[in-house]
Each structure stands twice: as structure tokens, then as C-alpha cells.
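# Chain and residue survey
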Amino acid sequence: MEYLINMEIKIQIKDDWTVDDTLKNDPRASNVFFRERMHCPGCYMQKFCAIKDVAAIYQVDLAKLLSDLNNPETAGKNMSRR
Amino acid sequence: MKITPTDLRNVDVFKDAPLEDLDLLVEKSILRSIEEDGFFFFQGDPAAYFYVLLSGRVKLLQSNPSGQQVNLRTIKGWQVFAALGAIRPEALYPVTAQALEASAALAIESSFLHEMMQTRPYLNFGLMQLMTGYIQEMQVRYKELATERIDRRLALTLLRLASQIGTRIQEDSLVVEIPLSRQDLAEVSGSTMFTVSRTLADWERQGLIETGRERVVIRDPHGLVKIAEGLEAS
């Protein structure tokens, strides 16, 4: 059985995706959460909390968060909060 | 460092002492200077001396057999520490005293103070004041520790249940409903109805949750997560 390794078409994470969906889609997204000191990976609310909720709770820019989650390997420095 | 007898009036326990007692104390005391991170005495040593800190800061810490350390309190200038030996001559120091910075203290033989206590009511009252202060502090800290554990356990229980059987009931804000009664929660979290009710009432007042007959609604999930994980305000 052959698998496609470098998929050309990537699924884009949207702001209504839950943290659970996001991590299942690409586990590397957890790096983004850790880098921003967010406690999302392992949180019991993963199935309910959407990315836009995370942005509101941790008071970070939603667009930047989505961009980082969609590009976990090239995400930039820490976002400033508040 | 030279100490005059009247300097000792800065110490609460000696503020009502007659001058002749203060003279005696200064005469009978030894000055001990300890460098930063040095030790005045170790937990388990015989409580041979009673100390009055003159300068610097000292921390009193307790270790358990597995090496975990608990910081009991910090001693500042003119405060007394290691008074135990004066009251119970056969006692061992229950704590280790370590200098947080270069410190100097007067060490007075516990047995000498014990003698003095036989005939000086002011000394007895002074030490009792010290002790009751410690007891009150410990009661507050104990209460905080005991309730904190219950809070965290219950918060974890609610969150775990939410992830298992909860549903999101609002689109625009993160609100999760759990179809359980307080009795169910008490049983699941290993607490009593009384404790659970009290904690839930507290949280409801704080806007973290809302309770109904057979349901608990989490209004502020992140707030509950902070309690469950013992996080500081993020």
C-alpha cells in the first residue's frame, strides 16, 4: 500500500475548529500552543473550545493564531498578549 | 556588632522587661554571625539555644524524609526564633534555620531562659502571645490547604465529566452543560453533599458555573481550568 507523503493540498484550520480537531489534523499544532504558553493540549475542554475561543481567552490576535496553527513549522516569535 | 540592654526592648517578648533582666540577657548571650546560605541550626538538633535576630533575614524550613522542603516562615530583625527549647528543655529543633543574607543573632541558652520563666510572668505572657500568633497562622494556612484540595478535585471532576458527557449549549460563547445533579457530583468526586454544595454555591456566585436541578452549566470553562490546574492568573 502506498501513501502520499508530501500532500500538496493542505486543509486550512478555521476559527470555528475545536482544539481537538486542530490537534487531530496536525499534532504539530501543539508546538504553537506550548510556545504561546497556552494550556490547550490535554485540556478537558478541547472538544468544545474553538480556536476563536482560545484567542479570546488568552487575548491574542486570532488571525495570527490561525496563521501559526496552519504553519506550525514556520510560526514566528511569541505573540504579545494584552 | 554591639548590643546594649535597652536595644532588647525592640523584641516583643522583652518589651516589658526590667532593665536588670535585660542586662542579664545581654551578659549571658552569645553573638552568632552567619554568612548568606549558612545555618544557625539544623532540624533535629537539640534545642539548646533561643535566638533573637539582630540583622539580616533567616528562613525556617522543614524537610521530610524524602527531601521535600517546606518554608515555614521568614524571620526579620528583632524577631525571636527557636523559642521551643526554653519551654521544653528536652526538645529538638523542629526546623532548620538558614540565613537568606548575612545575619547576626543573639543566642541565649534555652535552659537559662527556662529558669527565668519560672519567676517572670511577662516572659511567659510574651511567649504565649508568640505561640498563639503561630497557631492562628497555621490554622489559616491549614484551612486554605484543605479547601484548595477540595476545590481542585471538584473542578477536575466537572471538567472530566464535561469532556465525557457535556454538550456545548451556546454558539457565541463557550458554555458547556453537564446533565448531573449535585448528589451525582458528590458521589463522583468523593466528597460530601455539604462540601460540594458549598463549593458550587461559591463558584456560582463568582459566575464560573450555573446549577439547575439535574444540570451544571459551566459558564467560564477557562476559569474552572485555572482552579483545576492550580494556574496563576494568566
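Just above, that's the structure.
So, here's what we can say about the structure. Please read these numbers as outputs of a predicted model, since none were measured by experiment.

## A short note on the overall build of chain A
- Looking only at helices and strands, chain A has 4 helices and 0 strands in total.
- Looking at chain A as a whole, 27% of its 82 residues qualify as buried.

## Quick notes on the overall build of chain B
- Summing up its helical and strand segments, chain B has 7 helices and 12 strands in all.
- When contacts within chain B are restricted to residue pairs at least 6 apart in sequence, those whose partners lie at least 24 apart make up 65%.

## Overview of the interface of chain A and chain B
- Listed per partner, the contact involves 10 residues of chain A and 13 residues of chain B.
- Among the residues making up the side of chain A that touches chain B, the classes are represented as 7 nonpolar, 1 polar and 2 charged.

## A word on the sheet that holds strand β5 (residues 69–75) of chain B
Residues and elements named next belong to chain B.
- Taken in spatial order, the 4 strands make up an open sheet running β2-β7-β4-β5, and their pairing is antiparallel. What marks the edges here is a single partner per strand, and that holds for β2 (39–41) and β5. Strand after strand, the sheet turns through a mean of 30 degrees between neighbouring axes, direction not considered.
- Where β2 and strand β7 (residues 96–99) come together, 2 bridges link them in antiparallel fashion. Looking at β7, one finds that F39 is bridged to Q98.

## Re the nonpolar core
- Within the largest apolar cluster, 39 residues are counted, with the highest numbers of intra-cluster contacts made by L158(B), L159(B), A162(B) and L224(B).
- Every element with two or more residues in this core is listed here: α2 (29–35), α3 (51–58) and α4 (62–70) of chain A together with α4 (121–165), β10 (176–178), α6 (193–205), β12 (216–218) and α7 (221–229) of chain B.
- Among the elements that take part in this core, α4(B) stands out by supplying 6 residues, more than any other.
- Grouped together as the second largest cluster of nonpolar side chains are 32 residues, Y49(B), F50(B), L53(B) and A82(B) included.

## Things to note about the sheet that holds β12(B)
All names here are of chain B.
- In spatial order, the strands read β9-β10-β12-β11; together these 4 strands make up an open sheet with antiparallel pairing. Both edges of this open sheet fall to β9 (167–168) and β11 (209–211), since each of them pairs with a single strand only.
- Sheet topology places β9 next to β10; 2 bridges connect them, and they run antiparallel. Within β10, the position partnered with R168 by the bridge is V176.
- Sheet strands touched by α4: β10 and β12. Its angle to β10, the strand with the most contacts, is close to 95 degrees.

## Describing the packing of helix α5 (residues 182–189) of chain B against α6(B)
Residue and element names in this part refer to chain B.
- Two numbers describe how α5 lies on α6: the axes approach to 9 Å, and their chain directions differ by 115 degrees. Classified by the angle between their axes, α5 and α6 sit roughly perpendicular to one another. With respect to the hand of their crossing, α5 and α6 are arranged in right-handed fashion. Mapping the contact onto sequence places R182, Q183, L185, A186 and S189 in α5 and M193, V196, S197 and L200 in α6.
- Split into classes, the residues belonging to the contact of α5 with α6 amount to 5 nonpolar, 3 polar and 1 charged.

## Overview of the packing of α4(B) against α6(B)
Residues and elements named next belong to chain B.
- Packing of α4 against α6 brings their axes to within 11 Å, and their N-to-C directions diverge by 80 degrees. By the angle class used here, α4 and α6 are roughly perpendicular. Together, I150, D151 and L154 of α4 and T195, V196 and T199 of α6 make up the contact between the two elements.

Here is what the cut-offs are and how they apply
Residues numbered from 1 in each chain as written. Chains lettered and ligands numbered in written order. Predicted model: local features only at pLDDT ≥ 70, side-chain atom pairs only at ≥ 80, totals over all residues. Helix = DSSP H or I, 4+ residues; strand = E, 2+ residues; numbered from the N terminus. Buried ≥ 20, exposed ≤ 12 C-beta atoms within 10 Å, placed from the backbone. Contact = placed C-beta atoms within 7 Å. Nonpolar A, V, L, I, M, F, W, Y, C, P; charged D, E, K, R; others polar. Pairing = 2+ DSSP bridges. Axes fitted to C-alpha atoms, helices over the stretch in contact; angles between N-to-C directions. Core = buried A, V, L, I, M, F, W, Y, C linked by C-beta atoms within 7 Å. Parallel < 35°, antiparallel > 145°, perpendicular 65-115°, else oblique. Left-handed = near helix turned anticlockwise from the far one by under 90°.

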